[in-house]
Amino acid sequence: MKLVATAVFLVAALDGVTAFAPILSSSAATSSTSAAAAAATTGRSTAISLTTGPGGKPASSSAEDLELTRQIILDFMASDAAAGAASDATPTPTAAPAADSSSSSASSSPADQKKAYTTPPLPENDLMIRAALGKEDVERTPVWLFRQAGRHLPEYRAYKEKTGRNFLDMLSHPEDVAECTLQPLRRYPVDAAILFSDILVIAEALNVEVTMPGGVGIQVPNPIKDPADLAKRIPDVTAMTPNYVSEHLGHVIKSVELIKTKMANEGMTQPLIGFSAAPWTLLFYMVGGSSKKNNDIGVKWLTDHPDDSRRLLDVLTKIIIEYMSAQVEAGANMLQLFEAMGMMIDEANFDQFAMPCLKEIATELKSRFPDVPLMVFSRGASFANEALSKLGYDVVTIDGSVDRSTARATVGGRTGLQGNYDPRELIDDGSKSVETVRATARELLEELGPQRLVANLGEGLGGKESPELVNAFVDAIHEESEALIKAV
């Protein structure tokens with residue numbers, strides 16, 4: 001502090017003077033004469049022959065004058081230091097800083113300070129959060145469904161027709177996103193909402209065009225052709241900041257905020273799940289263009305251009321971290337990471353290229369938001385589930401290929417499980433009914449156990465499912481799990 005430094009200099013200078021007027025703040029001047037106080041207020045020094053002590057008695061000699069002046073300055077320094085220490089000791093109610101924050105505020109400039117992250121308050125219905133974190137037993141198993149919002153719902157189809165927009169166009173309109181997110185919550189007693197969005201919004205944010213021409217699914221018409229094209233089109237990893245997310249994905253973050261507002265207005269008390277695609281899945285689409293053709297291009301990129309592949313994966317990892325962080329700060333209570341194209345990569349390349357990214361994402365997000373459940377789904381790559389359970393995720397999702405009898409042993413109690421009901425059981429083809437759904441739902445609970453489980457599907461709803469049977473599945477999970485838990 002400048003005043004303290006001035007006072008230190010003046011105390012040292014007292015050894016060489018016989019008459020001295022201190023230059024102090026108004027708080028220090030209260031112990032001096034009124035003339036000294038006036039000098040402090042105006043910022044000018046005033047020569048005074050005698051200093052008045054704390055008792056109001058003036059100094060009787062120049063020596064005493066010198067000593068009183070010295071004491072006033074020292075008292076000021078002591079009180080200023082004490083105030084500074086008290087201020088430093090006052091805690092600030094913020095979330096955890098970033099993982100690599102190690103320097104104290106006293107030794108770093110504001111530019112070097114690590115951002116403090118805020119976590120939304122727990123929703124009233126925190127069943128799924130408690131089950132995912134696994135810190136306590138729950139009264140029943142929570143349930144939600146992959147693609148619970150969307151084309152299997154007649155109200156979704158009607159709303160989409162009313163807007164005249166296709167799926168991708170709707171994602172740019174927060175009102176559409178909020179409406180579609182809330183539709184399944186109005187129909188089913190699911191334990192969470194999930195942001196209505198798409199895994200390729202990050203590709204769009206990185207200058208890779210995404211289209212939906214109709215009838216052929218989502219397409220990337222101009223994928224990244226080669227390393228030169230990558231260098232030209234994809235920003236550097238240093239650009240992947242919160243500001244970049246705000247600028248290029250701000251419509252998604254506004255959607256999250258609007259969803260939370262509308263949930264509160266409608267009395268919906270469930271948590272909201274934010275999500276993102278994982279790095280390998282995004283690379284697969286960005287260099288291959290489609291999930292239905294050119295399936296070998298992703299792995300070919302990894303093997304032919306390993307350094308450039310790592311550069312792209314690094315960019316994707318960083319933007320995913322900032323994107324998911326922004327969703328939490330906008331109100332998302334849980335996070336789901338989708339490695340949706342796990343079936344398009346072999347185990348060796350997955351371990352070499354995909355796994356380090358998944359580890360970095362888990363480490364950073366859990367350091368920022370330790371109480372926000374983080375779930376991961378490596379679809380079609382169940383060989384990775386054991387390793388994923390050791391990275392810090394709270395829940396590992398199992399697809400339909402996983403043997404339920406070994407699923408718990410695979411994660412070894414390190415994480416909870418999510419999945420893996422067969423969505424084909426929910427298609428009314430003449431052989432399925434409310435009774436068959438209840439029987440298969442109970443089978444899921446008996447084989448996986450009702451605790452530390454988030455009941456879900458092994459694959460997303462495809463659009464042909466019966467809303468009646470979906471509702472039967474949700475009810476069956478709640479009722480049968482509650483009965484199993486009470487019977488223990």
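This text follows the structure it describes.
Residues numbered from 1 in each chain as written. Predicted model: local features only at pLDDT ≥ 70, side-chain atom pairs only at ≥ 80, totals over all residues. Heavy atoms only, no water.

**A short note on the pattern of salt bridges**
As a reminder, the rule being used: What makes a salt bridge here is a side-chain nitrogen of Lys or Arg within 4 Å of a carboxyl oxygen of Asp or Glu, nothing more. Strands here mean DSSP runs of E at least two residues long; helices mean DSSP runs of H or I at least four residues long; both are numbered from the N terminus. Buried residues are those whose accessible area, probed at 1.4 Å on protein chains only, stays under 20% of the maximum for their type, while exposed residues exceed 50% and partly exposed ones sit between those limits.
The full count for this structure, using the stated rule, is 29 salt bridges. A salt bridge links glutamate 329 to lysine 115; the shortest N-O distance between them is 3.4 Å. Residue glutamate 329 is found in helix 14 (residues 306–330), and its partner lysine 115 is found in the loop between helix 4 (62–89) and helix 5 (127–133); the two are separated by 214 residues along the sequence. Here glutamate 329 falls in the partly exposed class, since its relative accessible area comes to 30%. The partner of glutamate 364 in a salt bridge is arginine 368, with the nearest N and O atoms 2.8 Å apart. One end of the pair, glutamate 364, and the other, arginine 368, are both in helix 15 (residues 347–368), four residues apart, so they sit about a helical turn from each other. Residue classification places glutamate 364 among the buried residues on the basis of a relative accessible area of 15%. Arginine 368 sits in the buried class, given a relative accessible area of 5%.

**Details of the sheet that holds strand 1 (residues 193–194)**
The criterion, for reference: A pair of strands counts as paired when DSSP detects no fewer than two bridges linking them.
Ordered by their spatial adjacency, seven strands build an open sheet running 1-2-3-4-5-6-7, and the pairing between neighbours is parallel. Bordering the open sheet on either side are strand 1 and strand 7 (453–457), each of which pairs with just one other strand. Here strand 2 (residues 272–277) runs beside strand 3 (residues 334–339); their pairing, made up of five bridges, is parallel. In the sheet register, isoleucine 273 faces strand 3, and the bridge partner there is methionine 334.

**Looking at the nonpolar core**
Cut-off, in case you're wondering: We define a nonpolar core as any set of buried Ala, Val, Leu, Ile, Met, Phe, Trp, Tyr and Cys residues linked to one another through side-chain atoms lying within 4.5 Å. Any two residues whose heavy atoms approach within 4.5 Å at even a single point are treated as in contact.
Leu206, Trp280, Met286 and Leu426 are the most contacted members of the largest nonpolar core, which has 135 residues in total. In terms of residue count, helix 14 provides more of this core than any other element does, 11 residues in total. Setting aside residues no more than four positions away along its own chain, leucine 206 makes contact with Arg233, Ile234, Pro235, Met240, Tyr244, Met286, Val315, Leu316 and Ile319.

**Points about the layout of surface pockets**
Here is the rule we go by: Both site types are read off a 1 Å grid over the protein atoms alone. A 1.4 Å probe that fits but cannot get out defines a cavity, while an open set with protein on both sides within 12 Å along at least five of seven lines defines a pocket; lining residues have an atom within 4 Å of a point. Grid points are joined across faces, edges and corners, and a volume is the space filled by probe spheres set on the points.
Roughly 1,200 Å³ of internal volume is contained in the largest pocket. The wall of the largest pocket is formed by 43 residues, among which Arg147, Arg151, Phe167, Asp198 and Ile218 lie closest to the centre. Per element, the largest residue contribution to the lining of the largest pocket is three residues, and it comes from helix 6 (residues 154–163).

**What to know about helix 12 (residues 279–288)**
Along an α-helix, a turn takes 3.6 residues, which lines up residues three or four apart on a common side. Of all 10 residues making up helix 12, 10 are buried, and the element is well covered by its neighbours. When we look at burial in helix 12, the residues that qualify are Pro279, Trp280, Thr281, Leu282, Leu283, Phe284, Tyr285, Met286, Val287 and Gly288. Tucked into the core, helix 12 has its buried residues touching helix 9 (201–205), strand 2, helix 13 (297–304), helix 14, strand 3 and helix 15. Once helix 12 ends, the next one or two residues include glycine 289, with phi positive near 90°.

**Structural notes on unusual backbone geometry**
Omega for the bond connecting glycine 419 with asparagine 420 falls within 30 degrees of zero, at -25°, which places this linkage in the cis form. Structurally, asparagine 420 is set in strand 6 (residues 416–421). We note that arginine 147 has phi near 60°; this positive angle belongs to a residue other than glycine. In this structure, arginine 147 sits in the loop between helix 5 and helix 6. Positive phi, normally seen in glycine, also occurs at arginine 452, with a value near 45°. With respect to the helices, strands and loops of the structure, arginine 452 is situated in the loop between helix 18 (434–448) and strand 7.

**Description of empty space enclosed by the protein**
Counted only if it meets this: Classification used: nonpolar for Ala, Val, Leu, Ile, Met, Phe, Trp, Tyr, Cys and Pro, charged for Asp, Glu, Lys and Arg, polar for all others including Gly.
On inspection of all chains with the given rule, the structure shows one cavity of 30 Å³ or more. By volume, the largest cavity amounts to about 40 Å³. Among the elements that take part in the lining of the largest cavity, helix 11 (residues 242–265) stands out by supplying three residues, more than any other. Within the lining of the largest cavity, the residues separate by chemical class into six nonpolar, three polar and no charged.

**Structural notes on the environment of leucine 127**
Looking at where leucine 127 falls in the secondary structure, it is placed in helix 5. Residues leucine 127 and proline 142 lie 15 residues apart in sequence; the distance between their C-alpha atoms is 6.3 Å. Apart from residues no more than four positions distant in its own chain, leucine 127 is found in contact with Val138, Glu139, Arg140, Thr141, Pro142 and Asp191.

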